[in-house]
Amino acid sequence: MAIDSNAERIPRHIAIIMDGNGRWARSRMLPRYVGHREGVKTVRRVVEACTERNIAALTLFAFSSENWRRPSEEVSLILNLFVTTLKKEVAVLHGNGVRLRFIGDRAAFSGKLRELIDESEACTRGNTRMELVIAANYGGQWDITEASKAIARRVVAGELQPDEITPQIMAAEISLADLPPPDLFIRTGGERRISNFLLWQLAYAELYFCDCYWPDFGPAELDAAVAAFASRARR
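Residues numbered from 1 in each chain as written. Predicted model: local features only at pLDDT ≥ 70, side-chain atom pairs only at ≥ 80, totals over all residues. Heavy atoms only, no water.

(A) Structural detail: the nonpolar core. Residues Ile14, Ile16, Leu58, Leu86, Leu132 and Ile186 are the most contacted members of the largest nonpolar core, which totals 42 residues. In terms of residues, this core owes the most to one element, helix 3 (residues 72-95), which gives eight residues. With sequence-adjacent residues up to four places away left out, leucine 58 is seen in contact with His13, Ile14, Ile16, Val46, Val47, Cys50, Met130, Glu131, Leu132 and Val133. (Core = buried A, V, L, I, M, F, W, Y, C linked by side-chain atoms within 4.5 Å. Buried < 20%, exposed > 50% of the residue type's maximum accessible area, 1.4 Å probe, protein only. Helix = DSSP H or I, 4+ residues; strand = E, 2+ residues; numbered from the N terminus. Contact = heavy atoms within 4.5 Å.)

(B) Layout of helix 3. In this model, helix 3 (24 residues) spans 35 Å end to end at C-alpha, consistent with the 34 Å of a helix rising 1.5 Å per residue. The largest bend along helix 3 reaches roughly 40 degrees and is located at glutamate 89. Every buried residue belonging to helix 3 is among Glu74, Val75, Ile78, Leu79, Leu81, Phe82, Val83, Thr85, Leu86, Glu89, Val90 and Leu93, and all of these are buried. In this structure, the buried side of helix 3 is in contact with helix 2 (32-52), strand 2 (57-64), strand 3 (98-103), helix 4 (111-124) and strand 4 (130-138). In the stretch just after helix 3, glycine 97 is the one whose phi turns positive, near 75 degrees. (Expected span 1.5 Å × (residues − 1). Bend = angle between axes of the 7 residues up to and from the residue.)

(C) Quick look at the packing of aromatic side chains. Considering all chains together, one arrives at 10 aromatic pairs under this definition. Geometrically, the ring pair formed by phenylalanine 82 and phenylalanine 109 is edge-to-face, given 6.5 Å between the ring centres and 90 degrees between the ring planes. Note that phenylalanine 82 is positioned in helix 3 and phenylalanine 109 in the loop between strand 3 and helix 4, a separation of 27 residues in sequence. Neither phenylalanine 82 nor phenylalanine 109 differs from the other in exposure class; each is buried. Every member of this aromatic cluster is reached through a ring pair, and the members are Phe61, Tyr138, Trp142, Phe185, Phe197 and Phe209. (Phe/Tyr/Trp six-rings, centres within 6.5 Å; stacked < 30°, edge-to-face > 60°.)

(D) Representation of the environment of valine 75 in the model. Relative to the helices and strands, valine 75 resides in helix 3. Residues valine 75 and serine 110, spaced 35 residues apart in sequence, show a C-alpha to C-alpha distance of 13 Å. Contact partners of valine 75, with chain neighbours within four places excluded, come to Phe63, Asn67, Trp68 and Arg70.

(E) Summary view of the sheet that holds strand 2. Taken together, the six strands give an open sheet; going across it, the order is 3-4-2-1-5-6, and neighbouring strands pair in parallel fashion. Pairing within the sheet leaves two strands with one partner each, and these edge strands are strand 3 and strand 6 (206-209). Looking at each pair of strands side by side, their axes are set apart by 20 degrees on average, direction ignored. Bridge analysis of strand 2 against strand 4 gives seven bridges, and the strand direction is parallel. Directly across from phenylalanine 63, in strand 4, lies its bridge partner alanine 136. (Pairing = 2+ DSSP bridges. Axes fitted to C-alpha atoms, helices over the stretch in contact; angles between N-to-C directions.)

(F) Representation of helix 4 in the model. The end-to-end C-alpha separation of helix 4 is 20 Å, in line with the 20 Å expected for 14 residues at 1.5 Å each. Taken as a whole, helix 4 has its buried residues at Leu113, Leu116, Ile117, Ser120, Glu121 and Thr124. One side of helix 4 holds all its buried residues, which, seen down the axis, span an arc of 130 degrees. Next to the buried residues of helix 4 lie helix 3 and strand 3. (Arc of directions from axis to C-beta.)

(G) Summary view of the side chain of threonine 42. Turning to its location among the elements, threonine 42 is positioned in helix 2. At 3.2 Å, the side chain of threonine 42 and the backbone oxygen of tryptophan 214 are in polar contact. Those residues within four positions of threonine 42 in sequence are excluded, and the remaining contacts are Trp214, Pro215 and Phe217. (Polar contact = N/O pair within 3.5 Å; in protein donor to acceptor, adjacent residues only side chain to side chain.)

(H) Here's a closer look at the state of the cysteines. This model, assessed by the stated rule, comprises zero disulfides. Cysteine 210 takes part in no disulfide bond, and the closest cysteine sulfur to it belongs to cysteine 212, at a distance of 3.9 Å. (Disulfide = S-S within 2.5 Å.)

(I) Spatial organisation of the environment of alanine 172. With respect to the helices and strands, the residue alanine 172 is situated in helix 6 (residues 167-173). Considered as a pair, alanine 172 and isoleucine 151 are 21 residues apart in the sequence and their alpha carbons are 9.9 Å apart.

This is the structure we're talking about:
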(Lines give C-alpha, C1' and ligand atoms only; values in the text may rest on other atoms or scores of the structure.)
Protein backbone atom coordinates (compact mmCIF):
# COMPACT_ATOMS: atom_id res chain seq x y z
CA MET A 1 0.00 0.00 0.00
CA ALA A 2 1.48 3.33 -1.02
CA ILE A 3 1.83 6.11 1.52
CA ASP A 4 0.79 9.64 0.70
CA SER A 5 3.96 11.60 -0.02
CA ASN A 6 2.62 14.73 1.69
CA ALA A 7 4.86 15.11 4.75
CA GLU A 8 1.96 16.42 6.83
CA ARG A 9 0.21 13.08 6.36
CA ILE A 10 3.15 11.07 7.68
CA PRO A 11 3.23 10.73 11.48
CA ARG A 12 6.32 12.25 13.05
CA HIS A 13 6.19 9.89 16.00
CA ILE A 14 4.70 6.38 16.13
CA ALA A 15 4.16 4.49 19.38
CA ILE A 16 3.52 0.74 19.32
CA ILE A 17 2.36 -1.89 21.80
CA MET A 18 3.89 -5.07 20.38
CA ASP A 19 1.24 -7.54 21.50
CA GLY A 20 0.66 -11.17 20.63
CA ASN A 21 4.06 -12.87 20.81
CA GLY A 22 2.85 -15.57 23.20
CA ARG A 23 -0.40 -16.19 21.33
CA TRP A 24 1.51 -16.36 18.04
CA ALA A 25 3.68 -19.13 19.52
CA ARG A 26 0.75 -20.94 21.11
CA SER A 27 -1.17 -20.98 17.81
CA ARG A 28 1.79 -22.88 16.35
CA MET A 29 2.20 -25.13 19.41
CA LEU A 30 5.58 -23.55 20.16
CA PRO A 31 7.02 -22.31 23.49
CA ARG A 32 6.15 -18.69 24.31
CA TYR A 33 9.85 -17.83 24.20
CA VAL A 34 9.87 -18.55 20.46
CA GLY A 35 7.19 -15.90 20.03
CA HIS A 36 9.31 -13.32 21.84
CA ARG A 37 12.33 -14.27 19.72
CA GLU A 38 10.29 -13.85 16.54
CA GLY A 39 9.04 -10.54 17.89
CA VAL A 40 12.63 -9.26 17.97
CA LYS A 41 12.89 -10.01 14.25
CA THR A 42 9.77 -7.92 13.71
CA VAL A 43 11.34 -5.03 15.62
CA ARG A 44 14.23 -5.08 13.16
CA ARG A 45 11.85 -4.99 10.18
CA VAL A 46 9.72 -2.20 11.61
CA VAL A 47 12.68 -0.03 12.62
CA GLU A 48 14.11 -0.35 9.12
CA ALA A 49 10.73 0.42 7.56
CA CYS A 50 10.28 3.51 9.74
CA THR A 51 13.70 4.88 8.81
CA GLU A 52 12.90 4.33 5.12
CA ARG A 53 9.60 6.20 5.55
CA ASN A 54 11.25 9.16 7.32
CA ILE A 55 9.48 8.61 10.64
CA ALA A 56 11.27 10.89 13.11
CA ALA A 57 10.61 8.84 16.26
CA LEU A 58 9.43 5.33 17.10
CA THR A 59 8.56 4.27 20.64
CA LEU A 60 8.12 0.57 21.41
CA PHE A 61 6.56 -0.87 24.56
CA ALA A 62 9.06 -3.66 25.22
CA PHE A 63 8.43 -4.49 28.89
CA SER A 64 5.73 -2.98 31.04
CA SER A 65 5.83 -2.62 34.80
CA GLU A 66 2.99 -5.18 34.86
CA ASN A 67 5.09 -7.79 33.02
CA TRP A 68 6.83 -8.71 36.27
CA ARG A 69 3.63 -10.58 37.15
CA ARG A 70 4.30 -13.15 34.43
CA PRO A 71 5.86 -16.50 35.37
CA SER A 72 9.41 -15.94 36.61
CA GLU A 73 10.87 -18.26 33.97
CA GLU A 74 9.27 -16.26 31.17
CA VAL A 75 10.43 -12.95 32.68
CA SER A 76 13.98 -14.31 32.92
CA LEU A 77 13.91 -15.45 29.30
CA ILE A 78 12.58 -12.07 28.13
CA LEU A 79 15.28 -10.16 30.01
CA ASN A 80 18.01 -12.49 28.72
CA LEU A 81 16.70 -11.93 25.20
CA PHE A 82 16.79 -8.20 25.91
CA VAL A 83 20.49 -8.41 26.81
CA THR A 84 21.34 -10.56 23.79
CA THR A 85 19.46 -8.28 21.43
CA LEU A 86 21.13 -5.14 22.76
CA LYS A 87 24.56 -6.67 22.24
CA LYS A 88 23.75 -7.61 18.65
CA GLU A 89 21.71 -4.65 17.45
CA VAL A 90 23.34 -1.50 18.82
CA ALA A 91 26.12 -1.48 16.21
CA VAL A 92 23.56 -1.91 13.42
CA LEU A 93 21.38 0.91 14.75
CA HIS A 94 24.42 3.14 15.13
CA GLY A 95 25.51 2.40 11.57
CA ASN A 96 22.05 3.36 10.34
CA GLY A 97 22.06 6.68 12.20
CA VAL A 98 19.42 5.68 14.75
CA ARG A 99 19.58 7.13 18.25
CA LEU A 100 18.55 4.58 20.89
CA ARG A 101 17.14 5.63 24.22
CA PHE A 102 15.17 4.03 27.05
CA ILE A 103 12.37 5.21 29.31
CA GLY A 104 11.15 3.51 32.46
CA ASP A 105 12.37 2.55 35.92
CA ARG A 106 15.76 0.87 35.47
CA ALA A 107 16.29 0.15 39.17
CA ALA A 108 14.77 -3.35 38.97
CA PHE A 109 17.11 -4.46 36.19
CA SER A 110 20.40 -6.24 36.75
CA GLY A 111 23.59 -4.22 36.83
CA LYS A 112 24.65 -5.89 33.58
CA LEU A 113 21.50 -4.81 31.78
CA ARG A 114 21.67 -1.25 33.15
CA GLU A 115 25.27 -1.03 31.97
CA LEU A 116 24.31 -2.21 28.48
CA ILE A 117 21.50 0.34 28.34
CA ASP A 118 23.85 3.14 29.35
CA GLU A 119 26.46 2.05 26.80
CA SER A 120 23.94 1.79 23.96
CA GLU A 121 22.54 5.26 24.69
CA ALA A 122 26.04 6.74 24.83
CA CYS A 123 27.09 5.02 21.58
CA THR A 124 24.12 6.32 19.58
CA ARG A 125 23.57 9.70 21.26
CA GLY A 126 24.83 11.75 18.32
CA ASN A 127 22.68 10.05 15.69
CA THR A 128 19.89 12.04 14.06
CA ARG A 129 18.20 9.88 11.42
CA MET A 130 15.55 8.53 13.81
CA GLU A 131 14.89 8.29 17.54
CA LEU A 132 14.15 4.73 18.68
CA VAL A 133 12.71 4.74 22.19
CA ILE A 134 12.37 1.52 24.16
CA ALA A 135 9.91 1.62 27.06
CA ALA A 136 11.23 -0.95 29.54
CA ASN A 137 9.80 -1.46 33.02
CA TYR A 138 7.62 1.47 32.07
CA GLY A 139 4.07 2.42 32.99
CA GLY A 140 2.14 5.58 32.17
CA GLN A 141 0.92 5.97 35.75
CA TRP A 142 4.51 5.60 36.99
CA ASP A 143 5.60 8.28 34.51
CA ILE A 144 2.99 10.77 35.69
CA THR A 145 3.76 9.96 39.34
CA GLU A 146 7.48 10.60 38.83
CA ALA A 147 6.71 13.90 37.08
CA SER A 148 4.46 14.89 39.99
CA LYS A 149 7.24 14.12 42.47
CA ALA A 150 9.67 16.31 40.53
CA ILE A 151 7.20 19.20 40.54
CA ALA A 152 6.46 18.67 44.25
CA ARG A 153 10.16 18.95 45.01
CA ARG A 154 10.25 22.28 43.17
CA VAL A 155 7.31 23.52 45.23
CA VAL A 156 8.96 22.44 48.49
CA ALA A 157 12.15 24.20 47.40
CA GLY A 158 10.19 27.41 46.83
CA GLU A 159 10.92 27.45 43.10
CA LEU A 160 7.27 27.08 42.13
CA GLN A 161 3.87 27.89 43.61
CA PRO A 162 1.06 25.32 43.35
CA ASP A 163 -1.11 27.76 41.40
CA GLU A 164 1.70 28.13 38.86
CA ILE A 165 1.57 24.46 37.86
CA THR A 166 0.29 24.15 34.30
CA PRO A 167 -0.02 21.30 31.79
CA GLN A 168 3.10 22.70 30.13
CA ILE A 169 5.09 22.41 33.36
CA MET A 170 3.86 18.84 33.86
CA ALA A 171 4.65 17.95 30.24
CA ALA A 172 8.23 19.14 30.69
CA GLU A 173 8.74 16.54 33.44
CA ILE A 174 7.14 13.62 31.57
CA SER A 175 9.28 11.11 29.67
CA LEU A 176 10.08 12.14 26.08
CA ALA A 177 9.42 15.82 26.80
CA ASP A 178 11.98 16.72 24.12
CA LEU A 179 10.18 14.76 21.37
CA PRO A 180 6.95 15.57 19.56
CA PRO A 181 4.11 13.57 21.15
CA PRO A 182 3.05 10.44 19.25
CA ASP A 183 0.77 11.19 16.32
CA LEU A 184 -0.08 7.54 15.78
CA PHE A 185 -0.53 4.74 18.31
CA ILE A 186 -0.56 1.17 17.02
CA ARG A 187 -1.46 -1.96 18.96
CA THR A 188 -1.18 -5.42 17.46
CA GLY A 189 -2.76 -8.64 18.69
CA GLY A 190 -6.43 -7.69 18.59
CA GLU A 191 -6.76 -5.92 21.95
CA ARG A 192 -8.42 -2.49 22.00
CA ARG A 193 -6.84 -0.70 24.94
CA ILE A 194 -3.83 1.47 25.78
CA SER A 195 -2.72 -0.64 28.78
CA ASN A 196 -0.97 2.06 30.81
CA PHE A 197 1.30 3.11 27.93
CA LEU A 198 2.25 6.78 27.47
CA LEU A 199 -0.96 7.96 29.13
CA TRP A 200 0.02 11.63 29.05
CA GLN A 201 1.75 11.59 25.67
CA LEU A 202 -1.08 9.85 23.78
CA ALA A 203 -3.69 12.50 24.64
CA TYR A 204 -4.18 13.53 20.99
CA ALA A 205 -2.80 10.52 19.13
CA GLU A 206 -4.76 8.67 16.49
CA LEU A 207 -5.39 5.11 17.69
CA TYR A 208 -4.98 2.15 15.34
CA PHE A 209 -5.64 -1.46 16.34
CA CYS A 210 -4.91 -4.49 14.20
CA ASP A 211 -5.65 -8.16 14.76
CA CYS A 212 -2.34 -9.60 13.56
CA TYR A 213 0.09 -10.78 16.18
CA TRP A 214 3.32 -8.81 16.50
CA PRO A 215 5.56 -11.47 14.83
CA ASP A 216 3.35 -11.16 11.72
CA PHE A 217 3.51 -7.34 11.62
CA GLY A 218 5.69 -5.91 8.86
CA PRO A 219 6.08 -3.06 6.37
CA ALA A 220 2.70 -3.76 4.73
CA GLU A 221 0.89 -3.57 8.08
CA LEU A 222 2.84 -0.43 8.98
CA ASP A 223 1.80 1.16 5.69
CA ALA A 224 -1.84 0.26 6.37
CA ALA A 225 -1.64 1.99 9.76
CA VAL A 226 0.00 5.09 8.28
CA ALA A 227 -2.57 5.16 5.48
CA ALA A 228 -5.36 5.05 8.08
CA PHE A 229 -3.66 7.93 9.90
CA ALA A 230 -3.42 9.91 6.67
CA SER A 231 -7.11 9.41 5.97
CA ARG A 232 -8.23 10.96 9.25
CA ALA A 233 -8.97 14.63 9.76
CA ARG A 234 -6.48 15.97 12.31
CA ARG A 235 -7.97 18.88 14.27
